[in-house]
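Tertiary structure, described
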Amino acid sequence: MLRASSEAIGVDADLGATIGNDVSEVGVPAGAELIALTEAAVCGEAVDDARAAVVAAVGGDGAGLAVATIAAFSGLVRVADGIGIPVDDGLAASSASIRRDLDLDSFGGAANTDLDGVGGPDGFDFADSR
Amino acid sequence: MSVHVTTSASVREALDRSHERLARSGVWWDAEQVTAVARRADAAFAQRAVPPWTRELPGETSNLDDVALAVVDRIATNAGTIDRAWASAQIAALGDAPYVELVGIVAVAVMLRMYAEAAGETPSAIGDPVVDAGQPTRQRPDGPIDIGAYVHVAGHLPMVNVVRALSLVPAANETFLGLVAALYAGDKFTELVWDASPLTRPQVELVASRVAAMNDCFY
């Protein structure tokens, strides 16, 4: 979604920033501040300074949405990994180059997905549900 | 002086509603157990920055057995390392639907704690169980299907897998997704350009992707 939404508004986002690479030129406005807040929050570190920097960069409403997103995905990742859901059909194939570039296939949860992009055991086809 | 963020009315309402759910009976776990799970998850997640053996966690005297406590701790603090062998062993001991409900309760408790911490708010304590909130119905949905996950999911939900991940316990799925929708994207998930938003979609997705990567979440 980061790649697709960035392309939609003509932003050249550096996806490497999502795995901890240099964020100084992430390409997303206030990206460095948003990443700093995210990392502090996920690690359980003090977030006051990082949050203040985000508020200064994007305002209180923007910071509120950033915090809400951190919270939402802290739950989503636990459900995804706890249940062991595979990546949705079609996405496995279309994300192959990103996964390779970011070494995402080394994550343990990769074992739950047929990385060749073949349908799941029930033959579910994500494209048919849209 | 701590700088706080702006919390919208809809987000506050969703947070409060989710807090209330953690004091009520689930489909497979009663109100006391749901509350015990939420308190344990909240405490474990709050202490995620310190080594596991130094954490002070509630629950050793609650009505949760060691398997349930282990599931709660693992989901709350180290879900990215879960594999099929470990999950299958816990599911064999607990049952598939009770396991699913545990995952949902923990996820909600973690979201509530994370929001408070990141927003600069004092996290609300998990409330006492509501004693007259009914008993677990232990009802299963019809026609669960195998999508290759550790458990089956409801077959009538042709959606992205994370949206139906907890659907073996529909009430847990509803509570979880209700909070997620209030916090992220809502009805704008398919829109790549968010015009009336305080953050652009790429800004939001940058945050989302970093959270996922830091948790080693492949999905």
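In this text the structure is predicted, and so the values were computed from the model without any measurement.

Thresholds applied
- Residues numbered from 1 in each chain as written.
- Chains lettered and ligands numbered in written order.
- Predicted model: local features only at pLDDT ≥ 70, side-chain atom pairs only at ≥ 80, totals over all residues.
- Heavy atoms only, no water.
- Helix = DSSP H or I, 4+ residues; strand = E, 2+ residues; numbered from the N terminus.
- Core = buried A, V, L, I, M, F, W, Y, C linked by side-chain atoms within 4.5 Å.
- Buried < 20%, exposed > 50% of the residue type's maximum accessible area, 1.4 Å probe, protein only.
- Contact = heavy atoms within 4.5 Å.
- Buried area = accessible area lost by both parts, 1.4 Å probe.
- Salt bridge = Lys/Arg side-chain N within 4 Å of Asp/Glu carboxyl O.
- Polar contact = N/O pair within 3.5 Å; in protein donor to acceptor, adjacent residues only side chain to side chain.
- Patch = residues over 30% accessible without salt bridge, like charges linked within 9 Å, V, L, I, M, F, W, Y side chains within 5 Å.
- Areas by Shrake-Rupley, 256 points an atom, 1.4 Å probe, with all protein chains shown as cover.
- Lys, Arg positive; Asp, Glu negative; His and termini not counted.
- Charge placed at Lys NZ, Arg CZ, Asp CG, Glu CD.
- Domains from an automatic or database assignment.
- Phe/Tyr/Trp six-rings, centres within 6.5 Å; stacked < 30°, edge-to-face > 60°.
- Lys NZ or Arg CZ within 6 Å of the ring centre and 35° of its normal.

A word on the environment of B:A92. Checked against the element boundaries, B:A92 lands in helix α4 (residues 84–94). With 31 residues separating them along the chain, B:A92 and B:P123 place their C-alpha atoms 34 Å apart.

Right, let's get into the nonpolar core. With 100 residues, the main nonpolar core has A:I83, B:Y99, B:Y115 and B:L183 as its most contacted residues. With 18 residues, helix α3 (residues 48–83) of chain A is the single largest residue contributor to this core. A:L2, A:V26, A:V28 and A:I35 belong to the second-largest nonpolar core, a separate cluster that totals six residues.

Time to look at the interface of chain B and chain A. Contacts between the two partners involve 72 residues from chain B, matched on the other side by 74 residues from chain A. Between chain B and chain A lies a buried interface of about 6,600 Å² when both sides are counted; carbon and sulfur atoms form 73% of it. Interface area lost by chain B to chain A is led by B:L206, B:R210 and B:F218, which between them contribute 13%. Joining chain B to chain A, the criterion identifies one salt bridge. A salt bridge links A:E39 to B:R210, with the nearest nitrogen and oxygen atoms 2.8 Å apart. Taken together, the connections running from chain B to chain A amount to 13 residue pairs in polar contact (both at pLDDT 80 or more).

A separate point is a negative patch on the surface. A surface patch of like charges, here negative, comprises A:E7, A:D12, A:D14 and A:D22. Take A:D12: it is sitting in the loop between α1 (2–8) and α2 (31–43).

This brings us to the domain arrangement of chain B. Residue and element names in this part refer to chain B. Partitioning chain B into domains gives domain 1 (9–184) and domain 2 (190–219). With centres defined by C-alpha atoms, the gap from domain 1 to domain 2 works out at 23 Å. With five residues of domain 1 in contact, the opposing surface of domain 2 contributes six residues. Regarding the contact of domain 1 and domain 2, the summed buried area is about 380 Å², with carbon and sulfur atoms giving 56% of it. Viewed at the interface, domain 2 and domain 1 are joined by zero salt bridges.

Glancing now at a nonpolar patch on the surface. Judged by side-chain polarity, A:M1, B:F189, B:L192 and B:V193 come together as a nonpolar surface patch covering roughly 300 Å² of accessible area. With respect to the element layout, B:V193 can be found in the loop between α6 (170–183) and α7 (201–214). You can call B:V193 partly exposed: its relative accessible area is 37%.

Under the defined criterion, the tally for this structure stands at one aromatic pair over all chains. With a centroid separation of 4.7 Å and 85 degrees between ring planes, the pair formed by A:F73 and B:Y184 is classed as edge-to-face. Placement of A:F73 in helix α3 and of B:Y184 in the loop between α6 and α7 is noted, with the two residues assigned to different chains. A single burial state applies to A:F73 and to B:Y184, both of which are buried. Of note, B:R48 hangs over the ring of B:F45, and the distance from its end group to the ring centre comes to 3.9 Å. Directly above the aromatic system of B:W86 lies the positively charged group of B:R74, at a separation of 4.7 Å from the ring centroid.

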